Amino acid sequence: MRGNGISRARFLGGAAAVGVAGVAGSFAAERSAAAGRGGRGGGVRHRGVLYEVITGESPATSWRADRMRADLRAVKNDLRANTVSVFGDGVDRLGATASEAAERGLNVWLQPRLADRPHSEILDHLAATGEHAERLRRQGADVHLSVGCEFFLFVPGIVPGDNALERVRNLLAGTVDLELTQRRLTSFISRAAKVGRSVFHGPLTYGAAHEDQVDWNLFDIVSVNYYSYFRRRSEYVAELAPYLRLGKPVAITECGTCTYVGAPEAGGMGWDVIDYETGEITADLVRSERVQAAYLSDVLDVFESMNLYASLVYNFVAPDSQHRPGDPRRDLDMVGYSLTKTLKDDPDDPDSDWHWEPKESFHAVARHYGRGSG
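Just so it is clear, the structure is predicted and the values come from calculations on it, not from any experiment. Numbering of residues begins from 1 in every chain and follows the order in which that chain's sequence is written. Totals for whole chains, interfaces and linings use all residues, but because this is a predicted model, local features are given only for residues with pLDDT of at least 70 and pairs of side-chain atoms are given and counted only at 80 or more. The basis for the side-chain values is all heavy atoms of the structure; hydrogens and waters are excluded.

1. Regarding the sheet that holds strand 10 (residues 310–313)
For clarity, the threshold we go by: Note on pairing: DSSP must find at least two bridges between two strands before they are called paired. Strands are runs of DSSP state E lasting at least two residues, helices are runs of H or I lasting at least four, and both sets are numbered from the N terminus onward. Angles here are taken between N-to-C directions and fall from 0 to 180 degrees, while the axes themselves are lines fitted to C-alpha atoms, restricted in helices to the stretch in contact. Any pair of residues with heavy atoms lying within 4.5 Å of one another is described as a contacting pair.
Spatial ordering of the closed barrel is given by 1-2-3-4-5-6-7-10, a layout of 8 strands whose pairing is parallel. Across the sheet, the mean angle separating the axes of adjacent strands is 25° when strand polarity is ignored. Two strands pair when backbone bridges link them, and strand 1 (residues 46–53) and strand 10 are joined in this way by 4 bridges, in the parallel orientation. In the sheet register, V49 faces strand 10, and the bridge partner there is V313. Against the sheet, helix 3 (residues 91–103) makes contact with strand 1, strand 2 (83–88) and strand 3 (107–112), and its axis sits at roughly 170° relative to strand 3, the strand it touches most.

2. As for the confidence of the model for the protein chain
Rules: Per-residue confidence from the predictor is given as pLDDT, running between 0 and 100.
Averaged over the protein chain, the pLDDT score is 89; the fraction of residues at 70 or greater is 89%. Residue range residues 1–40 is modelled with pLDDT below 50. Its contacts to residues more than four positions away, or to other chains, number 84 contacts.

3. A short note on helix 10 (residues 289–305)
This is how the line gets drawn: Expected helix span is taken as 1.5 Å per residue step, with the number of steps being one fewer than the number of residues.
Here helix 10 is 17 residues long and its end C-alpha atoms lie 25 Å apart, about the 24 Å a rise of 1.5 Å per residue gives. In the segment just after helix 10, N307 is the residue with positive phi, at about 55°.

4. Here we look at the packing of aromatic side chains
Convention followed: Geometry of aromatic contacts follows a simple scheme: Phe, Tyr and Trp rings, the Trp one being its six-membered ring, pair when their centres are within 6.5 Å, and the pair is stacked under 30 degrees between planes, edge-to-face over 60, tilted otherwise. Only protein chains enter the accessibility calculation, which uses a 1.4 Å probe. A residue is then buried if its area is under 20% of the maximum for its type, exposed if over 50%, and partly exposed in between.
Tallied over the entire structure, the rule returns 15 aromatic pairs. Consider the rings of Y226 and F303, whose centres lie 6.3 Å apart with planes at 70°: the pair is edge-to-face. Remark: F303 occurs in helix 10 and Y226 occurs in strand 6 (residues 222–226); sequence separation between them is 77 residues. Note on accessibility: Y226 and F303 belong to one class, buried. Arranged with centres 5.2 Å apart and planes meeting at 80°, the rings of F230 and Y236 form a pair that is edge-to-face. The same class applies to F230 as to Y236, namely buried.

5. Section: the pattern of salt bridges
As a reminder, the rule being used: Salt bridges are counted wherever a side-chain nitrogen of Lys or Arg sits within 4 Å of a carboxyl oxygen of Asp or Glu.
According to the stated counting rule, one finds 26 salt bridges in the structure shown. Its salt-bridge partner being R93, residue D89 comes within 2.6 Å of it at the nearest N-O pair. Exposure remark for D89: the relative accessible area of 22% places this residue in the partly exposed category. When the shortest N-O distance is used, the salt bridge between E134 and R137 registers 2.7 Å.

6. Focus: the nonpolar core
Threshold: Note on terminology: a nonpolar core comprises buried Ala, Val, Leu, Ile, Met, Phe, Trp, Tyr and Cys residues joined through side-chain atoms within 4.5 Å.
Core analysis: the largest hydrophobic core is formed by 99 residues, its most contacted members being L79, F151, Y206, F219, F303 and F316. No other element matches helix 7 (residues 178–199), which puts 7 residues into this core. Setting aside anything within four residues of it in sequence, one finds F219 in contact with V147, I189, A193, R197, L204, T205, Y206, V214 and K248. Residues L50, F87, W109 and I221 belong to the second largest nonpolar core, which totals 8 residues.

7. Quick notes on the packing of helix 3 against helix 4 (residues 119–138)
Stated precisely, the cut-off is as follows: Throughout this description, any angle smaller than 35 degrees is read as roughly parallel, any larger than 145 degrees as roughly antiparallel, any in the 65 to 115 degree range as roughly perpendicular, and the remainder as oblique. Each crossing gets its handedness from the near helix: less than a right angle anticlockwise from the far helix is left-handed, clockwise is right-handed.
It is at 10 Å that the axes of helix 3 and helix 4 come closest, and there the two elements cross at 20°. Here helix 3 is positioned roughly parallel relative to helix 4, judged by the angle of their axes. When you trace helix 3 past helix 4, the crossing you get is right-handed. Residues V91, L94, G95, A98 and S99 of helix 3 form the contact with helix 4, whose own contacting residues are H125, A128, T129, H132 and L136.

What follows is the structure, encoded as structure tokens:
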């Protein structure tokens, strides 16, 4: 039975691109069955984490080259990932981060996310990012380009609303014309794919919400942002198995959960317990790094058992979601998905310097990736 959490895709009214097939038998039997349906064997090839490049809410939390370099060292040496998904906006920031990752021998998945701008600007930003990805590819780096992520949330004009939060609210209110939304989404995905192909000649994909309707013929890899929760591993396999039948490599381009008891059941909506006027958490949450670590360990094992192409954990660090020990209403790290917790020198000063520390989930993922690297 599916958990009660709401996935982002369910905003679209439950329209499914694929059906859910029942899978009987033990988890070991499902491993064999998944391989027979198109898994390549040997587990996941790209084991990685997402790394965001943004301006930040203050100069202190903005992208900085020195922090980025230190973070990528940790991604490779401490997290033991072989892949980093660089996402965000700003072609220079994206390019510098992708280049640094490639120089360190990491596989690079590059995904521009310029949000809430005119369509032409978003596509121009994609083209410039794709050109950088192509230069890296020609230099010998292992590079994938994703043309974007969940356009219905981040691209204006597909769903009513001035920003992602307003679009979420409109979708939840049930006031959106779903057929019109799907036509607009399909059109923009097609335009983005065309732009991506025009500048980049390596593997192309798109970060879709689970159950989005996408024409995967446009892309080389089927990519799913996956936040489902089940009590049994067999249920994850049953939900994901239909993607393998599409005949292309299947990548989990986002997965994760927040850092509190009950967060996995909330799925991709675990963050939605914040009053954005006060910046405080509105629910009575119990912080639990163990819950986050256990969920990631479970789903990463599932992805390995199905021999998926990639598993990318969302995300490495969230500078604007600081951890406040002993202050559960303002401990925004609880409702974030990062593997690290941000600690400011002065919690009440927006310009304060800060550092991150690994959570239990960081160590759990590192153990998992370390086993896969042998």
